[in-house]
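Structure assessment
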Amino acid sequence: MALVTGESLKSELDMFNIDCQDDSVLDKMVEQCMCNRIQVDQMVLEWVAYSATNNGLHLTTDTLEHFEHEVLNKKNKSKQSFRKEETLNRTRDIHSLQDLIKAEEEEENLLDSYSTPAKGSQKRALTTPEHPHSKRSTALLTSPGLLLSPASFSPSSTPSHKYSQRGAKGEVVVSFGAVQGTRWAGRKDLGADVQLELLEGPEDSLRSSYKYMFQRLRDVRNVLTEKIEELGDGLRSHFNIDEFSPVSLPAQDSITVLGQVCCDSNGKLNAQSVLLEAGPEQGGQQVPVDLSELKDYSLFPGQVVVMEGMNTTGRKLMASKLYEGVPLPFYTSEVKMETDEVIAEPLNVLVACGPYTPSDSLTFDPLLDLINVIVRDRPDVCLLLGPFVDSKHEQIEKAQVTEMFEAIFSRCIESIVDGTKSVGCRLVFVPSQRDIHHHFIYPQPPFTLPNLSKDEAQRVTLVPDPCTLLIDGVTFGLTSTDILFHMGAEEISCGTGTDRFSRILKHMLTQRSYYPLYPPVEEVNMDYEKFQIFGQMPLTPDVLIIPSELRYFVKDVVGCVCVNPGRLTKGQVGGTYGRLIIQRSATSDDGRRASPCLAAQVVKI
């Protein structure tokens, strides 16, 4: 604060043509400036405003006393209340919280030195005066959830009561395969090497971030055209079709056409709004489709199909037959099977999908419970899918966190890695488009964890979304995007006799894509050039992990075991996770393929 003098006040008053020759008045104003910590110019402005609102009061010692009582004192009170409120509302970071804990510890120690020991206090372990330990600091240091302590994430972090009071912990809600007598534990030998790698190798997989948000419509069209042609070639050879006719060419005989299903408007697809859009080789035009003669069908926007029917006018196709797609073959490795005559022990794989916090709190209690499950069951591989820092969380949406999103994520991963160190299991982290700190694009590049030590990095595998993994000769298809929910809202069907989940999963396998829906839902930002390279299925996976908001399940669809483990939390209550027993097996004597998934379960956390 600048020095306040009578001369400076007099010069400021002269600017407003206020004549003041009385030294006692100037001394009074100097005193008021210093007591209320007000600058000279601010003091004069306040007086001019006060004088004008009171019919041009003259500057005297009496009027200055009234001015101090009515204006300056009130301003002081509002400043004090604002400072107090600001202090109460100030969000604390981890350092200020540690200072607060330290101050409370000193208070406790001071009170202990003056208090009389209570009964039974002799049983408490004695501590030396040089290194006092309070209960608070001991609890913080010994808890494996120290890094996930919510106090540093949010100023108002209280544990979720609904989650802590949940029932049916550990209850098995879905079973698949030979679960009777199955030992849900990893291999006894911790040193047993688990072969885990991306199927197509690191050089042909999405390994790092890329530039997006500038794709051209022409490029999108080219990707969709190539998809139609590629799937059309597979259907032509499988069903021995000679050639495809243009969709809009009038013909009196039955014709076979190839195209992509789309809707005639921006609304939801229905039986009356189906269009078939052909590729450039078949004319590239759209034609409405009449489905009334089809006994059964299942269609969704973006699906590549072959239809047989009549189009006498060239303006509408009367479909009479629908050819279903053909899935790719499964993974085979004859060379490895010949060398590995001794079948390896079964492998225990745990699968969990975020969010890892209840919706009403940023406490990571569900994740800590999952770490305890990993330590108890000792699986060989843990597949952990995002979101880890959920963009849809209430406190994150309202900007009530006090730490960087990247810092919360790093501590979350560090807690998982440290908490499972004694198990020695392999950890696979899959990102989600709901991870607020990560790239909001599909396909999504893997996380980056530069702070991992060399030993930790050997256990951790960072993969993109989607990806195909090879674990001990068994292929896993992984995606954290809720394609089940997205396609379930768009698919139409009639007379199929199967449940919706099975139909959607079969569509994914026959369309050979992790996201066959076109156009995608608004929350999925698709980069089609990268999607063409990294979003397609290179083969039919042995196991498809496809978490969703919809009900958990384990299903065998055309030989692929599809698992929706659910989410670890469902709102404010606990959710579910999955576990599988897999074992690579040779082809049976009759040439039939045996599924490598021996058993699978979905369990409540």
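This section reports on the structure supplied with the text. None of the values given here were measured: they were computed from a predicted structure.

**Some details on empty space enclosed by the protein**
- What the rule picks out here adds up to 3 cavities of 30 Å³ or more.
- In this structure, the largest cavity spans a volume of roughly 140 Å³.
- In terms of lining residues, the largest cavity is bounded by 15 residues, among which Glu200, Ser205, Cys467, Thr468 and Phe534 are the most central.
- If you list the elements that add at least two residues to the lining of the largest cavity, you get strand E13 (467–471) and helix H16 (528–534).
- Its residues assigned to classes, the lining of the largest cavity shows 10 nonpolar, 3 polar and 2 charged.

**A word on the packing of helix H10 (residues 365–377) against helix H12 (residues 405–419)**
- Closest axis-to-axis distance for the H10/H12 pair is 10 Å, and the angle between their directions is 20°. Between H10 and H12, the crossing angle belongs to the class labelled roughly parallel. Our pair here, H10 against H12, has a crossing hand that is right-handed. For the pair formed by H10 and H12, the contact residues are Leu367, Ile371 and Val375 on the first element and Cys412, Ser415, Ile416 and Gly419 on the second.

**Re the pairing of strand E18 (residues 560–564)**
- Of all the 5 residues making up E18, 5 are buried; the element is thus mostly covered by neighbouring parts of the structure.
- Here E18 shows two buried faces, one formed by Cys560, Cys562 and Asn564 and the other by Val561 and Val563.
- By the bridge criterion, 3 bridges tie strand E16 (residues 543–545) to E18 in an arrangement that is parallel. Its bridge partner being in E18, leucine 544 is matched across the sheet by cysteine 562.
- Bridge analysis of strand E17 (residues 553–557) against E18 gives 5 bridges, and the strand direction is antiparallel. Looking across to E18, one finds that aspartate 556 is bridged to valine 561.

**Observations concerning the sheet that holds E13**
- Taken together, 6 strands build an open sheet; the order of strands is E2-E13-E14-E16-E18-E17 and the sheet is mixed. Strands at the two margins of the open sheet, each flanked by one partner only, are strand E2 (196–198) and E17. On average, each strand axis in the sheet is inclined to that of its neighbour by 25°, with strand direction left out of account.
- Summarising the sheet, E13 and strand E14 (residues 474–478) pair through 5 bridges and their orientation is antiparallel. By the bridge assignment for E14, leucine 469 is matched with phenylalanine 476.
- Against the sheet, helix H15 (residues 500–511) contacts E16, E17 and E18, and its axis sits at roughly 55° relative to E17.

**Remarks on a negative patch on the surface**
- Where like charges cluster on the molecular surface, the negative patch consists of Asp22, Asp23, Asp27 and Glu31.
- Structurally, the position occupied by aspartate 23 is in helix H2 (residues 23–36).

**So, the pattern of salt bridges**
- Inspection of every chain in the model, using the stated rule, returns 18 salt bridges.
- The salt bridge involving arginine 216 is made with aspartate 219; its shortest N-O contact spans 3.2 Å.
- The salt bridge partner of glutamate 491 is arginine 503, with a shortest N-O separation of 2.7 Å. Highlighted residues: glutamate 491 in the loop between helix H14 (483–488) and strand E15 (492–494) and arginine 503 in helix H15, separated in sequence by 12 residues. No difference in accessibility class separates glutamate 491 from arginine 503, as the two residues are buried.
- Taken together, the shared-partner salt bridges connect Asp390, Arg434, Glu549, Arg567 and Lys570 into one network.

Quick notes on the rules
Residues numbered from 1 in each chain as written. Predicted model: local features only at pLDDT ≥ 70, side-chain atom pairs only at ≥ 80, totals over all residues. Heavy atoms only, no water. 1 Å grid on protein atoms, 1.4 Å probe; cavity = no way out; pocket = protein on both sides within 12 Å on 5 of 7 lines; lining within 4 Å. Points joined across faces, edges and corners; volume = space filled by probe spheres on them. Helix = DSSP H or I, 4+ residues; strand = E, 2+ residues; numbered from the N terminus. Nonpolar A, V, L, I, M, F, W, Y, C, P; charged D, E, K, R; others polar. Axes fitted to C-alpha atoms, helices over the stretch in contact; angles between N-to-C directions. Parallel < 35°, antiparallel > 145°, perpendicular 65-115°, else oblique. Left-handed = near helix turned anticlockwise from the far one by under 90°. Contact = heavy atoms within 4.5 Å. Buried < 20%, exposed > 50% of the residue type's maximum accessible area, 1.4 Å probe, protein only. Pairing = 2+ DSSP bridges. Patch = residues over 30% accessible without salt bridge, like charges linked within 9 Å, V, L, I, M, F, W, Y side chains within 5 Å. Areas by Shrake-Rupley, 256 points an atom, 1.4 Å probe, with all protein chains shown as cover. Salt bridge = Lys/Arg side-chain N within 4 Å of Asp/Glu carboxyl O. Lys, Arg positive; Asp, Glu negative; His and termini not counted. Charge placed at Lys NZ, Arg CZ, Asp CG, Glu CD.

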